[in-house]
Amino acid sequence: MKKVLKIVAIVFGILVLGLLLFLGIVHEPLPLGKSGPEAEALAQKMLKALNHEAFEQTRFLEWSFRNGAHRYQWDKYQGRVSVRWDKINVELDLNTPSRSDVRENGKPIRGLTKNAYVAKAQKLFNNDSFWLVAPFKVFDPGTSRSLVRFPDGEEALMVTYTSGGTTPGDSYLWLLNKNGFPNAYKMWVSILPIGGLEASWDDWIVTESGAFLPKSHELGPFTLSMGDVRGYQ
């Protein structure tokens, strides 16, 4: 079975690589940035532009991913998130995952099956929440920041996740407007065979709590919808 899964993963990777090359997307090397006060100041400028204070005061976040296949309600204050897919509902305790509650069609699930569903919920949440709140995670524990200058004088913020999450080591280059508001980022991540793939961050709403959150992202010809996005107390 492991050999079969490995072969499937290799074939999938080749197909993805072929599609990216067909679309004219080529690999970019990870740019070199400079850490220090200027990088820290640029990160703070981005947070200020996004009204980070309003985000911090937002207790509940709701959204979906994969055309509604994954649905979330996150209580940031309690550190709990409801993760739903298919007939599974995981009340995920982010601080103590073993205390999570798992139900299938409303019936409690326990034992090894519960553990597997909790692990899947954690992985889904780590990925799908990043597409919602990534700009607010630039100072998370295990991150490093550096300033990247382009030949035309424009500046961008590189954020590398050295630990934590599902795929530590991934890097994101935030492309900002003159006010520090993010328009897009470029990715150098382990799950993609090509570095520098760009995703838009320019379809924003102001939620009930006053926080800025994205409605969708464009990746080449593809759109990632965040569903019915809400942020409230």
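Let me sum up the structure you'll find in this document. (Residues numbered from 1 in each chain as written. Predicted model: local features only at pLDDT ≥ 70, side-chain atom pairs only at ≥ 80, totals over all residues. Heavy atoms only, no water.)

### Thoughts on the nonpolar core
1) Next: Within the largest apolar cluster, 51 residues are counted, with the highest numbers of intra-cluster contacts made by Trp-63, Trp-131, Trp-174, Tyr-185 and Met-187.
2) Next: For this core, the element with the highest residue contribution is helix α4 (residues 111-133), accounting for eight residues.
3) Next: The residues contacting Trp-131, other than those within four sequence positions of it, are Phe-65, Tyr-185, Met-187, Ala-199, Trp-201, Pro-214, His-217, Leu-219, Leu-224 and Met-226.
4) Next: Within the second largest apolar cluster, seven residues are counted, among which are Ala-156, Met-158, Leu-175 and Ala-184. (Core = buried A, V, L, I, M, F, W, Y, C linked by side-chain atoms within 4.5 Å. Buried < 20%, exposed > 50% of the residue type's maximum accessible area, 1.4 Å probe, protein only. Helix = DSSP H or I, 4+ residues; strand = E, 2+ residues; numbered from the N terminus. Contact = heavy atoms within 4.5 Å.)

### Description of the sheet that holds strand β8 (residues 155-161)
1) Next: Spatial strand order, β7-β8-β9-β10-β11: five strands in an open sheet with antiparallel pairing. If you trace the sheet from one side to the other, it starts and ends with β7 (143-149) and β11 (197-200), each paired once. Going across the sheet, the axis of each strand differs from the next one's by a mean of 25°, ignoring polarity.
2) Next: Inspection of the sheet shows β8 paired to strand β9 (residues 171-176) by five bridges, in the antiparallel sense. Bridge pairing in β9 places Leu-157 opposite Trp-174. (Pairing = 2+ DSSP bridges. Axes fitted to C-alpha atoms, helices over the stretch in contact; angles between N-to-C directions.)

### Overview of the packing of aromatic side chains
The relative placement of two aromatic rings is captured by the distance of their centres and the angle of their planes.
1) Next: Enumeration over the complete set of coordinates arrives at 20 aromatic pairs.
2) Next: Judged by centre distance (5.6 Å) and plane angle (80°), the ring pair of Phe-130 and Tyr-161 falls under edge-to-face. Here the residue Phe-130 occupies a position in helix α4, and Tyr-161 occupies one in strand β8, the gap between them amounting to 31 residues.
3) Next: Tyr-161 gets classed as buried once you look at its relative accessible area, which sits at 10%.
4) Next: Summarising the aromatic geometry, the rings of Phe-181 and Phe-212 are spaced 5.2 Å apart at their centres and angled 80° between planes, so their arrangement reads as edge-to-face. Taken as a pair, Phe-181 in the loop between β9 and β10 (182-188) and Phe-212 in strand β13 (residues 212-219) lie far apart in primary sequence, 31 residues in all.
5) Next: We classify Phe-181 as buried; its relative accessible area is 15%.
6) Next: We classify Phe-212 as partly exposed; its relative accessible area is 21%.
7) Next: Ring-pair connections join several aromatic residues into one group, and the members of that group are Phe-130, Trp-131, Tyr-161, Tyr-172, Trp-174, Phe-181, Tyr-185, Trp-201, Trp-204 and Phe-212.
8) Next: Just above the ring of Phe-55 sits the side chain of Lys-76; from NZ or CZ to the centre is 4.2 Å.
9) Next: The side chain of Arg-230 reaches across the aromatic face of Tyr-232, ending 4.2 Å from its centre. (Phe/Tyr/Trp six-rings, centres within 6.5 Å; stacked < 30°, edge-to-face > 60°. Lys NZ or Arg CZ within 6 Å of the ring centre and 35° of its normal.)

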